[in-house]
Amino acid sequence: MAAWMIRGGRTGERNAWALEKGVSGGGFASIGDLKACGSRDDVLTVVRTAVPEKPLAACRNFAAQLWTLRGRIQVGDLIVMPIKSTR
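So, here's what we can say about the structure.

## Topic: helix 3 (residues 56-72)
- The end-to-end C-alpha distance of helix 3, which contains 17 residues, comes to 22 Å, matching closely the 24 Å that a straight helix rising 1.5 Å per residue would cover.
- Taken together, the buried positions of helix 3 are Cys-59, Ala-63, Leu-66, Trp-67 and Thr-68.
- Considering only its buried residues, helix 3 is in contact with strand 1 (3-5) and helix 2 (40-50).

What follows is the structure in structure tokens.
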């Protein structure tokens, strides 16, 4: 089992959504479905197509985060989400 920290947005704007739905992640709605992606490079291709206006470095960062959500986190892993509105 691994532990992962996933934030609910820069300022916690998705904390309530994540807690209510019992999910993690979010904030990449414009990217679309990643089920067909078998690698981080596949995710990068999808990201660059979805947001061509973003610099390559930003797309690589998005792809790395999305690949972790899509391809590395496993059922049974622990997800930690810091809540910005509380200490």
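## Some words on the nonpolar core
- Phe-28, Ile-31, Leu-34, Cys-37, Val-43, Leu-44, Val-47, Val-51, Cys-59, Ala-63, Leu-66 and Trp-67 together form the largest nonpolar core, which totals twelve residues.
- Contributing elements (two or more residues each) for this core: helix 2 and helix 3.
- With four residues, the top contributor of residues to this core is helix 3.
- Discounting chain neighbours no more than four positions away, the residues touching Trp-67 are Cys-37, Gly-38, Ser-39, Arg-40, Val-43 and Arg-72.

## Digging into the environment of Asp-41
- Residue placement: Asp-41 occurs in helix 2.
- The class for Asp-41 is exposed, based on a relative accessible area of 57%.
- As for Asp-41 and Ser-24, which are separated by 17 residues in sequence, their C-alpha atoms are 22 Å apart.

## Some remarks on the environment of Trp-4
- Mapped onto the fold, Trp-4 is located in strand 1.
- The spacing of Trp-4 and Met-81 is 77 residues in sequence and 8.6 Å in space, taken between C-alpha atoms.
- Leaving out residues up to four positions away in the same chain, Trp-4 has contacts with Thr-68, Arg-72, Ile-73, Asp-77, Leu-78, Ile-79 and Val-80.
- There is a polar contact of 3.0 Å between the side chain of Trp-4 and the side chain of Asp-77.

## Quick word on the environment of Met-81
- Along the chain, Met-81 falls in the segment after strand 2 (78-80).
- Considered as a pair, Met-81 and Gly-8 are 73 residues apart in the sequence and their alpha carbons are 6.8 Å apart.
- With residues near it in sequence (within four places) discarded, Met-81 still touches Ile-6, Arg-7, Gly-8, Asn-15, Ala-18 and Leu-19.

## Structural notes on the pattern of salt bridges
- By the definition in use, this model includes one salt bridge.
- When the shortest N-O distance is used, the salt bridge between Arg-14 and Glu-13 registers 3.5 Å.
- A relative accessible area of 47% means that Glu-13 is categorised as partly exposed.

Cut-offs applied
Residues numbered from 1 in each chain as written. Predicted model: local features only at pLDDT ≥ 70, side-chain atom pairs only at ≥ 80, totals over all residues. Heavy atoms only, no water. Helix = DSSP H or I, 4+ residues; strand = E, 2+ residues; numbered from the N terminus. Expected span 1.5 Å × (residues − 1). Buried < 20%, exposed > 50% of the residue type's maximum accessible area, 1.4 Å probe, protein only. Contact = heavy atoms within 4.5 Å. Core = buried A, V, L, I, M, F, W, Y, C linked by side-chain atoms within 4.5 Å. Polar contact = N/O pair within 3.5 Å; in protein donor to acceptor, adjacent residues only side chain to side chain. Salt bridge = Lys/Arg side-chain N within 4 Å of Asp/Glu carboxyl O.

Note that every value here comes from positions in space, so none of it alone points to a role or purpose.
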